[in-house]
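# Fold and contact review
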Amino acid sequence: WKTAADNGLQSSLDATTANVQKACGPILPTPITDEDHRVCGDTLVLRQERVLSMTTVTEYVGSIGYVLTEAANPSAATNYSYRRSGTILHRMGSGGFPQPFLGLVYASYIAGLASVPFDVNLAGRLIVQNLWESKRGARPLPTRGGADLVAGEGFEGLIPVRAAELLHYWLSGPSLGSA
């Protein structure tokens, strides 16, 4: 028995999730597919932080694709292997020796965190609560300069000050708060 209120709440949840992920980078496990890289040398840096797992790495030499496998350790490497360290892929040949990538590389992987951190969860709840209350008239519509709302860095629209404080760590630094 869904009501119009349920649909409104779901749209607030969806908008908040999209805004938090846009501003903070992947929090929920997010598939990244066919990210293309033109690589010189034996090192490739993935564009998203917080890589949970690799799905596929395919190297193209001309029009022929070679699927590379992740080597558990250097001695397990074959001519079509790589090792991952965070967001960095190192191309390896037999015996674990560095080998340059030979062409265009496509990487697919899952980026995000294994679980949503408490501070991000609470910030999301505060944002949804604010959206819900301002839609239902329980709170006045947001205005710029309001005492309890702020233009959150990377966000579309205003968010509660407390939510911005909770998300500060996730919005700062080169690794986007990768914990």
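Structure shown above.
Residues numbered from 1 in each chain as written. Predicted model: local features only at pLDDT ≥ 70, side-chain atom pairs only at ≥ 80, totals over all residues. Heavy atoms only, no water.

## Observations concerning the sheet that holds strand β4 (residues 64-70)
We apply this condition: One requirement defines pairing of two strands: DSSP has to find at least two bridges between them. Each helix is a run of H or I in the DSSP string that is no shorter than four residues. Each strand is a run of E no shorter than two, and both are numbered from the N terminus. Axis geometry follows a simple rule: fit a line to the C-alpha atoms, using only the stretch in contact for helices, then measure angles between N-to-C directions, giving values from 0 to 180 degrees.
With mixed pairing, the seven strands of this open sheet are ordered in space as β1-β7-β3-β4-β5-β6-β2. Each having just a single partner strand, β1 (30-38) and β2 (43-45) make up the two edges of the open sheet. Each adjacent strand pair in this sheet contributes to an overall mean axis angle of 30 degrees, direction not counted.

## A look at the pattern of salt bridges
Side chains that differ in sign of charge can pair as their charged atoms come close. To keep it simple, the criterion reads: When a carboxyl oxygen of Asp or Glu is within 4 Å of a side-chain nitrogen of Lys or Arg, the pair counts as a salt bridge.
Scanning the entire structure with this criterion turns up two salt bridges. For the salt bridge of Arg 162 with Glu 165, the shortest nitrogen-to-oxygen distance reads 3.3 Å. Here Glu 165 and Arg 162 lie together in helix α3 (residues 161-171), a separation of three residues that amounts to about one turn.

## Thoughts on the nonpolar core
Filter applied, for reference: The definition of a nonpolar core used throughout is a set of buried Ala, Val, Leu, Ile, Met, Phe, Trp, Tyr and Cys residues joined through side-chain atoms within 4.5 Å. Classification of residues uses two cut-offs on accessible area relative to the type maximum, computed with a 1.4 Å probe and protein chains only: under 20% is buried, over 50% is exposed, and between them is partly exposed. Should any heavy atoms of two residues lie within 4.5 Å, those residues are counted as being in contact.
Grouped together as the largest cluster of nonpolar side chains are 16 residues, with contacts concentrated most on Val 20, Cys 24, Ile 27, Ile 127, Phe 155 and Leu 167. Counting residues per element, the ones that place at least two in this core are α1 (4-24), α2 (118-136) and α3. For Ile 27, the residues in contact, after removing those within four places along its chain, are Val 20, Gln 21, Arg 50, Gly 112, Leu 113, Val 116, Pro 117, Val 120 and Trp 170. Met 54, Leu 68, Leu 89 and Ala 111 belong to the second largest nonpolar core, which has 15 residues in total.

## What about α3?
What counts is decided by this rule: Our arc is simply the arc of the directions from the helix axis toward the C-beta atoms.
Within α3, burial applies to Ala 163, Ala 164, Leu 166, Leu 167, Trp 170 and Leu 171. Burial along α3 is one-sided: seen end-on, the buried residues are contained in an arc of 165 degrees.

## Details of unusual backbone geometry
Even without being a glycine, Asp 34 presents a positive backbone phi close to 50 degrees. Structurally, the position occupied by Asp 34 is in strand β1. Despite not being glycine, Arg 50 shows a phi value in the positive range, around 60 degrees.

## Re the packing of aromatic side chains
Basically, it comes down to this: Aromatic pairing here means that ring centres of Phe, Tyr or Trp (its six-membered ring) are within 6.5 Å. Orientation follows from the plane angle: under 30 degrees is stacked, over 60 is edge-to-face, and everything else is tilted.
Taken as a whole and judged by the stated rule, the model has three aromatic pairs. Ring centres of Tyr 66 and Tyr 80 lie 5.4 Å apart, and the angle between their planes is 10 degrees; this geometry places the pair in the stacked category. Here Tyr 66, found in strand β4, pairs with Tyr 80, found in the loop between β4 and β5 (81-85); they are 14 residues apart in sequence, far enough to count as distant. With a centroid separation of 5.0 Å and an interplanar angle of 85 degrees, the aromatic rings of Tyr 169 and Trp 170 are classed as edge-to-face. Residue classification places Tyr 169 among the partly exposed positions, given a relative accessible area of 41%.

## So, the environment of Ile 110
Of note, Ile 110 is situated in strand β7 (residues 104-111). In the structure, Ile 110 is positioned 77 residues away from Thr 33 in sequence and 8.6 Å away in space, judged by C-alpha atoms. Apart from residues no more than four positions distant in its own chain, Ile 110 is found in contact with Pro 29, Thr 30, Pro 31, Arg 50, Val 51, Leu 52, Ser 53 and Thr 55.

## Observations regarding the pairing of β4
Put simply, side chains in a regular strand alternate between the two faces of the sheet. The pairing of strand β3 (residues 51-61) with β4 spans five bridges and is antiparallel. Considered in β4, the bridge of Tyr 60 is made with Gly 65. Connecting β3 to the next strand, β4, in antiparallel fashion are two residues, including Gly 62 with a positive phi near 65 degrees. Across two bridges, β4 lies against β5 in parallel orientation. Bridged to Thr 69 within β5 is Ser 81.

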